[in-house]
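# Summary of the model geometry
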Amino acid sequence: MIYPVHQRPDAAAHADAIAAEHGGAAVSGASRTLWGDAVNRLKKNKLAIIAVVWIAFIVLVALTADLWVPQVLGDPNATAANMAAESRLAPSLEHPFGTDSLGRDVLSRVIYGARISLTVGVVATGISTAIGLVMGALAAYYGGIWDTIIMRLADIFLAFPYTLFVVAMIAVIGNGIQNVFIAIGILGWPSIARVFRSAILSVKENDYVDAARSMGASDVRIIVRHIFPNSVASIVVYATMNIGGAILTESALSFLGMGVVPPDPSWGTLIQDGQKYLQTEPWLMILPGLAILSTVLAFTLLGDGLRDALDVKMKDA
């Protein structure tokens, strides 16, 4: 009787032999995929794992803030009743990050500021990624005049300094968190489009794409079902890194008074409020700055880890 490979009577012994050759580690056919190997390699990257743990911690603290922050640290927007006695206190057990000039707990404002920064990072990156995927797909798949128009438009966007372009757009459409989403999202698409265009150009002439086209598959189906899954790895890496960039941009806008409207806390506004006390109470500026630094660094390290993990050249033989 002829058995399929996975049903052969000696399959278990064969697998044991392979496992012995690999130091006792079982080799599963199901795990021999791009994403399966990527997860295994990512687990071996200590810096990426530390980044994942830190991001998960920040997200958990931000999401559960309403359940414990007002009771433990106080309302982040409420001015202290005895402002003169409680303003600009040094870090202590009661106020781990100290208090600001209005007697508000700085740690509580940093935690609630994380909500805004993470939301801006994810939403703005989502907007720019969606626009970039559409524009990159049109440019690469259809080519010709579409490619010329879209890439020249991307060149125009990239010709302007990014932060200055965002500031100019906020000055036109006005302050507010919604407008920050729009400005960062719309102005961030050219880089995503270029990355996706390059990825599509490398796979669109493959045999499986030609086969799908010969069977009458529509252009949308070919892009969504055949090209995108084989090009998504580079987008995942780039989008992850872009989240950190969006957080930095939002902090810069808030620092300049063009982002989050007070009294809502933002990491950028906390640094702006603390800069005037840098010589006397440096923690008011340094601690929110460390929150920005650690979070942006975590997304950058995670992006680096994903880039290495998703590199098919590193796939184990």
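Our subject in this report is the structure included herewith. (Residues numbered from 1 in each chain as written. Predicted model: local features only at pLDDT ≥ 70, side-chain atom pairs only at ≥ 80, totals over all residues. Heavy atoms only, no water.)

Core analysis: the biggest nonpolar cluster contains 31 residues, and Val110, Leu118, Ile247, Trp267 and Phe299 have the highest contact counts within it. The set of elements that each furnish at least two residues to this core consists of helix H2 (34–44), helix H3 (46–63), helix H6 (106–142), helix H13 (232–255), helix H14 (267–275) and helix H15 (283–309). A total of 11 residues in this core trace back to one element, the largest contributor, which is H15. Residues within four places of Val110 in sequence aside, it is in contact with Phe97, Trp267, Leu270, Pro288 and Ala291. Counting 16 residues, the second largest nonpolar core, distinct from the first, contains Ile116, Ile170, Ile184 and Met258. (Core = buried A, V, L, I, M, F, W, Y, C linked by side-chain atoms within 4.5 Å. Buried < 20%, exposed > 50% of the residue type's maximum accessible area, 1.4 Å probe, protein only. Helix = DSSP H or I, 4+ residues; strand = E, 2+ residues; numbered from the N terminus. Contact = heavy atoms within 4.5 Å.)

The next subject is the packing of H6 against helix H9 (residues 177–187). The axes of two packed helices give the description: the angle between them and the distance between them. Where H6 contacts H9, the axes come no closer than 7 Å and their chain directions differ by 40°. With respect to their mutual orientation, H6 and H9 come out oblique. Crossing of H6 against H9: the hand is right-handed. Judged by residue contacts, Ile116, Thr119, Val120, Val123, Ala124, Ile127, Ser128 and Ile131 of H6 engage Ile177, Val180, Phe181, Ile184, Gly185 and Ile186 from H9. (Axes fitted to C-alpha atoms, helices over the stretch in contact; angles between N-to-C directions. Parallel < 35°, antiparallel > 145°, perpendicular 65-115°, else oblique. Left-handed = near helix turned anticlockwise from the far one by under 90°.)

What follows covers the side chain of Thr125. Relative to the helices and strands, Thr125 resides in helix H6. Classification of Thr125 as buried rests on a relative accessible area of 6%. Each residue touching Thr125, except ones within four places of it in the same chain, is listed here: Val120, Ala239, Asn242, Ile243 and Ala246.

Glycine aside, negative phi is the norm for most residues, and most peptide bonds take the trans geometry. The omega torsion of the bond from Pro262 to Pro263 falls at 10°, within 30 degrees of zero and hence cis. Residue position: Pro263 is located in the loop between H13 and H14. Of note, Arg88 is a non-glycine position whose phi angle comes to about 55°, a positive value. Along the polypeptide, Arg88 turns up in the loop between helix H5 (83–86) and H6.

Glancing now at the packing of aromatic side chains. Counted according to the given criterion, the structure contains 5 aromatic pairs. Geometrically, the ring pair formed by Tyr141 and Tyr142 is edge-to-face, given 5.2 Å between the ring centres and 90° between the ring planes. For Tyr141, a relative accessible area of 10% puts it in the buried group. Both rings, one in Phe157 and one in Phe165, keep their centres 5.8 Å apart while their planes meet at 40°; by these two values the pair is tilted. (Phe/Tyr/Trp six-rings, centres within 6.5 Å; stacked < 30°, edge-to-face > 60°.)

What follows covers the pattern of salt bridges. Under the defined criterion, the tally for this structure stands at 10 salt bridges. With a closest N to O distance of 2.8 Å, Asp147 and Arg197 form a salt bridge. Placement of Asp147 in helix H7 (residues 144–159) and of Arg197 in helix H10 (residues 189–203) is noted, with a sequence separation of 50 residues between them. The partner of Asp304 in a salt bridge is Arg307, and the shortest N-O contact between them spans 3.5 Å. Note that Asp304 and Arg307 are positioned in helix H15 at a spacing of 3 residues, about one turn of the helix. Residue Asp304 is classed as partly exposed on the basis of its relative accessible area, which comes to 24%. Several salt bridges share partner residues, and in doing so they unite Asp100, Arg104 and Arg109 into one network. (Salt bridge = Lys/Arg side-chain N within 4 Å of Asp/Glu carboxyl O.)

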